[in-house]
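Residue-level structural notes
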Amino acid sequence: MIEIDAITKRYDDITVVDTVSMIVEPRTVTVIVGTSGSGKTTLLRMINRLVEPSSGAIRLDGEDSRSIPGHELRRRIGYAIQGHGLFPHRTVAQNIATVPNLLEWPKARVDAKVEELLSLFQLDPKVFANRYPHELSGGQQQRVGVARALAAEPKVLLMDEPFGALDPIIRAKAQEDLLAIQKHFETTIVLVTHDMDEAFHLADKIAVMDKGRVLQYGPPPELVRHPANPFVQTLIGDMQRPFRLLAVSTVAGATEPGEAGGEPISEDLSLQEALAELMWSGRRAAPVISQTGEMVGRITLDALLKHAARPK
Amino acid sequence: MSIRIDKLGVVIGLIALYGMFAASFAVLKPNRILQGQAKSMLESLPGASGWGLLLLLLFIILIALIRVPAWSRLVGAVAALAALVFAIGFAAGALTPPGNSYARVSPAAGFWVLVFAFALLAADAITRLQPPPWMRLLFLGVFALLVWGIFASDLWAGLSIMKEYAGRSEVFWSEAGKHVTLAIGSLLSACLVGLPLGIFCHRVPSIRATVLNTLNLIQTIPSIALFGILIGPLAWIATNIPGAAAMGIRGIGTAPAFVALFLYSLLPIVANTVVGLAGVPREANDAARGIGMTDRQRLIQVELPLAMPVILTGIRIVLVQNIGLATIAALIGGGGFGVFVFQGIGQTAMDLVLLGAVPTVALAFASAVILDALIQMSSAVPQRATSA
């Protein structure tokens, strides 16, 4: 758990982050969104004290982050940035092993961890361990960057626009991978982005920032249904609201008893994907199957429209 | 397969033809300071040997002119240089009248032009072959061995420069020692001061401009003026600080030369350290801090390895510059190869000037080759497989 308590950062007369308080629940993905200059990156960098707060406190699992030296704090917290930040003079394996080596893990444990992470990120250790970053594609570099951030098994992972430099197809894949990794390690992730689609896709909770303040902090559907102010509403986009709602719920929650014809839809798809499938195949309803392949009911166009409608 | 003409080969060919036919090959002087009599290649080399050299060189020029694999150009260039080295030694024996110990034979313009032309051919071939750094060091080592072999074999014993050497061999090596000590010693002390100063300038941007401008100013002071400026303070130190005079610190001599070379060395080292550190990718630095490196770990593990090629380039500049500049030290009694240069100028004995100049050039050339190889080997990011 990360408790951010009235944190403020001032540079001379300019207040970049203004008395922000929020609690990040363990094992969740929290996304901080905002326009450039909103203070979101500064807020993120105060969590691992790359930026020292002017006032306020941050507690990690109840422990004040100022109670240990900054570099030791940062070794406990994963950190991944846009453009990966890999060390160009070190191989992939050496890059991933950086933090374990700083922590002076025994060599066997470091090697095992590097191999585990490479396999987990679908990079064959035999092929990639001894390559240099410039010999990798953009997507591979980004995966190595996240693998390096996770190497010392941190409970918390901070990510600053980690997918900003990737093309749309690789970015979608990277987002899926991140969610899978997050489930696997049960890491608490705080991610900064200005891409609302990315925020809605990844977040358990979204914090919207503007001019150094957090305007709203809550689960994605709440932001769509009850935007705190016009800025949040604009950021979400009037035209996007129904689709954002559909995007954050799964088919399982809208399945009703009954039967329908045609290709079945898996219950772990999002409602947005279900709607797209119904529209494309020209059906008003489709059968729903569970992950194990059993028929569990059907999903109808009416149910989807009801989910997408403005709350009464 | 059609024959294609090599452009650089045409230039080399023209230079070599000029050296063979338009310029004289050797000079015969009645004694070491009188004007000499120029001799062409055929005049210098009696009988068939002159024609033999002529034909060999023409054949190698032909190799240079057409596009053939680089290694065959290298073999040709080395063969030409070896032939010239033998020929000039042979010419010295042939031209010197028997029993005359005053007469001197020196290489003339044509010889130097030919050496230049074929050295150019060799350098071009080596560049095209792109040998790995260790291979270049090996080439240098073989070259040095050959030169040593020439000295050991008396091949050049008849040449004037070697006669100058023969009378001064002990002084030559002690001055060589002083020259190297001056050049490398001042470089090492400049590294000891310049590297930390460069790192400090990088970390504290507010002092960067002041430090670099000051060093820049020092760099613009002419060396002779700097020697003069240093006489006062160093003489004061020698008389007023106990032990200083015993360490050899005096207003003239080695101390001011050493200090001047040290001061001239600082700018390239500090400036290249600053530039090298500034060139480290911002993301790599941010990531290094973000994953928990201390400032010292970041400096040693990330910044310095990535900046090393640029820093070494600065050191290379300094070393070559110092080897040349150390010649001036002789003016204020600092010793070094400059001693022969200034003695030679004083006696209008050009061969004595050469005895100081040729080793200086050779030393500078060798250090440039060695440091270039080191720079390439130190490049932290291997250059392989970039096309993948």
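Residues numbered from 1 in each chain as written. Chains lettered and ligands numbered in written order. Predicted model: local features only at pLDDT ≥ 70, side-chain atom pairs only at ≥ 80, totals over all residues.

This part is about the overall build of chain B. Regarding its fold elements, chain B presents 15 helices and three strands. Looking at chain B as a whole, 36% of its 388 residues qualify as buried. Counting only contacts in chain B whose residues sit at least 6 apart along the sequence, the fraction spanning at least 24 positions is 74%. (Helix = DSSP H or I, 4+ residues; strand = E, 2+ residues; numbered from the N terminus. Buried ≥ 20, exposed ≤ 12 C-beta atoms within 10 Å, placed from the backbone. Contact = placed C-beta atoms within 7 Å.)

Attention now moves to the packing of helix 14 (residues 338–346) of chain B against helix 15 (residues 350–378) of chain B. Residue and element names in this part refer to chain B. At a minimum axis distance of 7 Å, the contact between helix 14 and helix 15 shows a crossing angle of 165 degrees. In terms of their interaxial angle, helix 14 and helix 15 are classed as roughly antiparallel. Remark: the crossing between helix 14 and helix 15 carries left-handed chirality. Contacts between helix 14 and helix 15 involve Gly338, Val339, Phe340, Val341, Gln343, Gly344 and Ile345 on the former and, on the latter, Met350, Leu352, Val353, Leu355, Gly356 and Ala357. Partitioned by chemical class, the residues of the contact of helix 14 with helix 15 number nine nonpolar, four polar and no charged. (Axes fitted to C-alpha atoms, helices over the stretch in contact; angles between N-to-C directions. Parallel < 35°, antiparallel > 145°, perpendicular 65-115°, else oblique. Left-handed = near helix turned anticlockwise from the far one by under 90°. Nonpolar A, V, L, I, M, F, W, Y, C, P; charged D, E, K, R; others polar.)

Before going further, it helps to examine the domain arrangement of chain A. By convention, interface size is frequently given as the accessible area that disappears when the constituent parts associate. Taken as a whole, chain A is organised into domain 1 (2–237) and domain 2 (249–308). Spacing between the C-alpha centres of domain 1 of chain A and domain 2 of chain A amounts to 34 Å. (Domains from an automatic or database assignment.)

As a further point, take the interface of chain A and chain B. If you look at the interface, chain A gives 20 residues, while chain B gives 20 residues. Classifying every residue of the side of chain A that touches chain B by side-chain character gives eight nonpolar, seven polar and five charged.

Moving on, we get to the UniProt feature "domain: ABC transporter" (unreviewed entry) in chain A. Residues annotated in UniProt with the feature "domain: ABC transporter" (unreviewed entry) correspond here to residues 2–236 of chain A. Between the end C-alpha atoms of residues 2–236 of chain A the distance is 26 Å, and the span holds 40% helix and 27% strand. (UniProt positions renumbered as here; feature names shortened; annotations may be inferred.)

Further remarks concern the confidence of the model for chain A. Summary statistics for chain A give a mean pLDDT of 91 and a share of 100% for residues scoring 70 or more. Confidence, read as mean pLDDT per element, is least for helix 12 (residues 241–247) of chain A in chain A (87) and greatest for strand 8 (residues 188–193) of chain A (95). (pLDDT = per-residue confidence, 0-100.)

What follows is about the packing of helix 8 (residues 169–203) of chain B against helix 13 (residues 295–325) of chain B. Residue and element names in this part refer to chain B. At a minimum axis separation of 11 Å, helix 8 and helix 13 run at an interaxial angle of 145 degrees. Relative to helix 13, helix 8 is oriented so that their crossing is right-handed. Here Ala183, Ser186, Leu187, Ala190, Cys191 and Ile199 of helix 8 lie close against helix 13, whose contacting residues are Leu299, Ile315, Val318, Leu319, Asn322 and Ile323. Its residues assigned to classes, the contact of helix 8 with helix 13 comprises ten nonpolar, two polar and no charged.

Next up on the list: the nonpolar core. A general feature of soluble globular proteins is that nonpolar side chains tend to end up buried together. Val31, Ile32 and Leu158 of chain A together with Ala26, Ala91 and Leu261 of chain B are the most contacted members of the largest nonpolar core, which has 167 residues in total. In terms of residue count, helix 11 (residues 254–278) of chain B provides more of this core than any other element does, 14 residues in total. If we skip the residues at most four places from it in the chain, alanine 26 of chain B touches Lys39, Ser44, Ile88, Ala91, Leu95, Val105, Ser106, Pro107, Ala108 and Phe111 of chain B. (Core = buried A, V, L, I, M, F, W, Y, C linked by C-beta atoms within 7 Å.)

Let us look at the domain arrangement of chain B. Residue and element names in this part refer to chain B. For chain B, the domain assignment lists domain 1 (7–152) and domain 2 (169–378). Computed over C-alpha atoms only, the centres of domain 1 and domain 2 are separated by 34 Å. In this complex, domain 1 contributes eight residues to the contact, which on the side of domain 2 involves ten residues. Counting residues per element, the side of domain 1 that touches domain 2 draws most heavily on helix 6 (residues 133–152), at four residues. Of the residues in the side of domain 1 that touches domain 2, the class split is four nonpolar, one polar and three charged.

Residue and element names in this part refer to chain B. Strand order across the open sheet formed by three strands is 2-1-3, with antiparallel pairing between neighbours. Lying at the two open borders of the sheet, with one neighbouring strand each, are strand 2 (37–39) and strand 3 (104–107). Averaged over neighbouring strand pairs, the angle between their axes works out to 25 degrees when direction is ignored. Inspection of the sheet shows strand 1 (residues 26–29) paired to strand 2 by three bridges, in the antiparallel sense. Pairing of valine 27 across the sheet is with alanine 38, part of strand 2. (Pairing = 2+ DSSP bridges.)

Residue and element names in this part refer to chain A. Taking strand neighbours across the sheet as the criterion, the six strands line up as 6-7-8-3-9-10 in an open arrangement whose pairing is mixed. Since the sheet does not close on itself, it has two edges, and those belong to strand 6 (77–81) and strand 10 (213–218), each with one partner. Here the average twist between neighbouring strands, direction ignored, is 15 degrees. Two elements, strand 3 (residues 29–34) and strand 8, share five bridges in a ladder whose sense is parallel. Each residue of the ladder has a partner; that of valine 29, found in strand 8, is isoleucine 189.

A separate point is the environment of isoleucine 300 of chain B. Residues and elements named next belong to chain B. Considering the arrangement of structural elements, one finds isoleucine 300 in helix 13. By C-beta crowding, isoleucine 300 is classed as exposed, having 12 other C-beta atoms within 10 Å. Distance in space between the C-alpha atoms of isoleucine 300 and glycine 333 is 41 Å, their sequence separation being 33 residues.

Next up on the list: the pairing of strand 8 of chain A. Residues and elements named next belong to chain A. A large share of strand 8 lies buried, amounting to six of its six residues. In this sheet, strand 8 lies alongside strand 7 (residues 156–160) in parallel orientation, the contact comprising five bridges. Note on strand 8: the bridge partner recorded for aspartate 160 is valine 192.

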